[in-house]
Amino acid sequence: MYGIKGPVIFETIDTVYIEQLDLGNICGANEIDSIVFTSYCDDCARAKIQFDAGDYTFICGEDFATALDFDGSNDYVQLGNPADLQITGSMSIEMWIKPANFSARRNPYAKAYGGEGTITQEVDGTLNYFYGTSGTNGGSYQGFNSLAALTTGTWQHIAIVRDLANMTLNWYIDGVLTNTVAATYAAAVAGGNNATIGAGYVSTYAGQIDEFRIWSSTRSQTDITENMCKTLTGSESGLTAYYKMEDGSGSGTLTDISGNGNAGTLTSMDINTDWVTGNVAGNTAIPDVNLSYNNYTLKMTGTKYVTFDRIDFEALAPDNATVIDLRNTENTVFNDCIITGDATQTDDDVLRSLVYSENTDVNADSSVVFTNNEFINGSYGIFLNNTTNTIGTDIVGNVFTNQSYKTISLINHEAPQISNNEITTNTTLNTFAGISLTDITTSLLVKNNKITALSGDGNGIYLNNATAGAGTEGNIFNNMISIGTADADATYGINIEGA
């Protein structure tokens, strides 16, 4: 949901279940003309937004018009031996691929298995990547298997990442890291072999290939998953060759969209029938991704003046299940909401926070207000971490239950107000903190909070490097804290360090 301008009110009159909600750049004009999501009246059922991270499936969002079909007999695309494809350092190769069979070892892409690199599809459906130091199909080389197998007749996205800065090789299938090993050679050796799509040192490819990309850089898992379901502009940094496979029927040329001029020539292919409907991303379900940045119930990116009132948010599974992910938001309000994480989250993993924010922009996530909400389970209740001071964080009148590590954690905030909250946990972690405040400046207010840790040790209120000047002193008063067991040796009601 992008580009909405307030004022807007979204009301619910019956229980509504939405699986993941991603809000990008929706902006109310101001506090009066804001955007409100609400279960509006007392008699209305509460709206609920749920996400089952353990059973995560997403549908890629963009159809690719055409693809190339390889017959497994003699079809291939000749790319030649341009300097751009003689990559000896870090590199990434990715494509959408639809195998017809596993009757023989086949090359979806090849340059030199003892040189710049070659991909081989094995008879068990797995993939191997090879590179080496001879510059030829021979000599010294390293092989690296994907472990996970492809499925015939199904579009799948594959990516091999040769990260020589960190000396690792990584296989990804449908965005999931399936295997990683240490790289043997600090650099490949370039040679005179031509690069080819659909042919190489073993049998030619049988199946379809689309959206083929070669990078002279390392692609992260985030880079891969955020871009594999959409076309690129061709001007992306490090993109050495990019074949969208959209030249279409009648064309014997495979155009390089990167602008580097590395066009390919269809060889032994029927230029009328081997261009087929791509139909890749828009109809492809990618199962069990379980990546932390995908596993949110609500994500807000660049939003302003947005309010959630009487809405429930719930993550149903433990796999990195952040419930609310805030990224560079302003003037965000959560009131009378119920925010629930999985009850098995009993560790200190920040990606299992109920509310998570980690930003580098100035005043990122400023003026975030939480009032009269319930926060249930999770590693953190609220984790807001910014690299520069953020202004206007109010956490008032909320009930927090069973956070395992830290209930409220603020880093780099100016004048936060934390009052009238009730925090109860049965965690056994001795690093628990009910309220943890680091690098806080001016006019801190922490009052009238009740903090009870039934089983664990740790800190009721923890301050590290809190500073203020004359007239902007911080105030901590009238808080009731009960924490730690009788035999605890490192338990503090209020622990102040470096203030």
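Residues take numbers from 1 onward in each chain, read along the sequence in its written order. Reporting of local features is limited, given that this is a predicted model, to residues whose pLDDT is at least 70; pairs of side-chain atoms are given and counted only at 80 or more, and all residues count toward the totals for whole chains, interfaces and linings. The side-chain numbers reported here are obtained from all heavy atoms of the structure, hydrogens and water having been left aside.

A few words on the overall build of the protein chain. Put simply, DSSP H or I for four residues or longer makes a helix, DSSP E for two residues or longer makes a strand, and each gets a number counted from the N terminus. The secondary structure content of the protein chain amounts to 1 helix and 45 strands. Values of accessible area rely on a 1.4 Å probe in the Shrake-Rupley scheme; residue burial ignores everything except the protein chains shown. When the accessible surface of the protein chain is summed, it comes to about 18,800 Å², and 46% of that surface belongs to carbon and sulfur atoms.

Each salt bridge in this description consists of a side-chain nitrogen of Lys or Arg and a carboxyl oxygen of Asp or Glu lying within 4 Å of one another. According to the stated counting rule, one finds 4 salt bridges in the structure shown. Between R219 and E94 there is a salt bridge, and its shortest N-O distance comes to 4.0 Å. One end of the pair, R219, is in the loop between β18 (206–215) and α1 (221–227); the other, E94, is in strand β9 (residues 91–99), with 125 residues separating them in the sequence. Accessibility expressed as a relative area gives 11% for R219, which makes it buried. The partner of E116 in a salt bridge is K111, with the nearest N and O atoms 2.8 Å apart. Considered together, E116 and K111 belong to a single accessibility category, that of buried residues. Under the scheme applied here, a residue whose accessible area is under 20% of the maximum for its type counts as buried, over 50% as exposed, and between as partly exposed, the area being computed with a 1.4 Å probe on protein chains only.

For the rest of this paragraph, the subject is the pairing of strand β36 (residues 406–414). When you tally the buried positions in β36, you get 8 out of 9 residues, the bulk of the element. Here, strands pair whenever DSSP counts at least two bridges between them. Here β36 pairs with strand β39 (residues 432–441) via 7 bridges, running parallel. Of the residues in β39, the one forming a bridge with K406 is A433.

As for its placement among the helices and strands, T180 is situated in strand β16 (residues 176–182). Not counting the four nearest positions on each side in its chain, T180 is found in contact with F144, T168, L169 and N170. Engagement of the side chain of T180 in a polar contact is seen with the backbone oxygen of L169, the distance being 3.2 Å. In this analysis, two residues are considered to be in contact whenever any of their non-hydrogen atoms come within 4.5 Å of each other. Any N or O atom pair separated by 3.5 Å or less is treated as a polar contact, with the protein-specific requirement of one donor-capable and one acceptor-capable atom, and with residues adjacent in sequence counted only for side-chain atom pairs.

This paragraph deals with the packing of aromatic side chains. Each Phe, Tyr or Trp ring, with Trp reduced to its six-membered ring, pairs with another whose centre is within 6.5 Å; inter-plane angles below 30 degrees give stacked pairs, above 60 give edge-to-face pairs, and intermediate values give tilted ones. Applying the stated rule across the entire model yields 18 aromatic pairs. Ring centres of F334 and F370 lie 5.5 Å apart, and the angle between their planes is 5 degrees; on these two criteria the pair is classed as stacked. Of the two residues, F334 is situated in strand β28 (residues 330–335) and F370 in strand β31 (residues 366–371); the sequence distance between them amounts to 36 residues. Per residue, the accessibility class of F334 equals that of F370, and both read buried.

Moving on: the sheet that holds strand β8 (residues 76–80). In spatial order, the strands read β13-β12-β11-β10-β17-β8-β21-β20; together these 8 strands make up an open sheet with antiparallel pairing. Edge positions in the sheet fall to β13 (141–145) and β20 (253–254), since each has one partner strand and no second. Bridge count for β8 against strand β17 (residues 195–197) is 3 bridges, and the pairing is antiparallel. In the sheet register, Q78 faces β17, and the bridge partner there is T196.

Moving on: the environment of N373. Secondary-structure assignment places N373 in the loop between β31 and β32 (374–376). With 63 residues separating them in the primary sequence, N373 and R310 have C-alpha atoms 8.6 Å apart. For N373, the contacting residues outside a window of four places in its chain are F334, N335, D336, C337, G397, N398 and V399. Here T371 takes part through its backbone oxygen, which lies 3.1 Å from a polar atom of the side chain of N373.

Turning next to the pairing of strand β26 (residues 311–315). Taken across its 5 residues, β26 has 5 buried, putting it largely inside the fold. What you see with β26 is no split at all: I311, F313 and A315 on one side and D312 and E314 on the other are buried throughout. In the sheet, β26 pairs with strand β29 (residues 338–340) via 3 bridges, with the strands oriented parallel. In the strand pairing of β29, D312 is matched with I338.

What follows deals with unusual backbone geometry. Its identity as a non-glycine residue notwithstanding, R310 has a phi of 60 degrees, on the positive side. Mapped onto the fold, R310 is located in the loop between β25 (304–309) and β26. For R310, a relative accessible area of 14% translates into the label buried. With a phi close to 60 degrees, N478 is a non-glycine residue in the positive phi region. Within the fold, N478 resides in the loop between β43 (475–477) and β44 (480–482).

These figures come from the coordinates and say nothing about function on their own.
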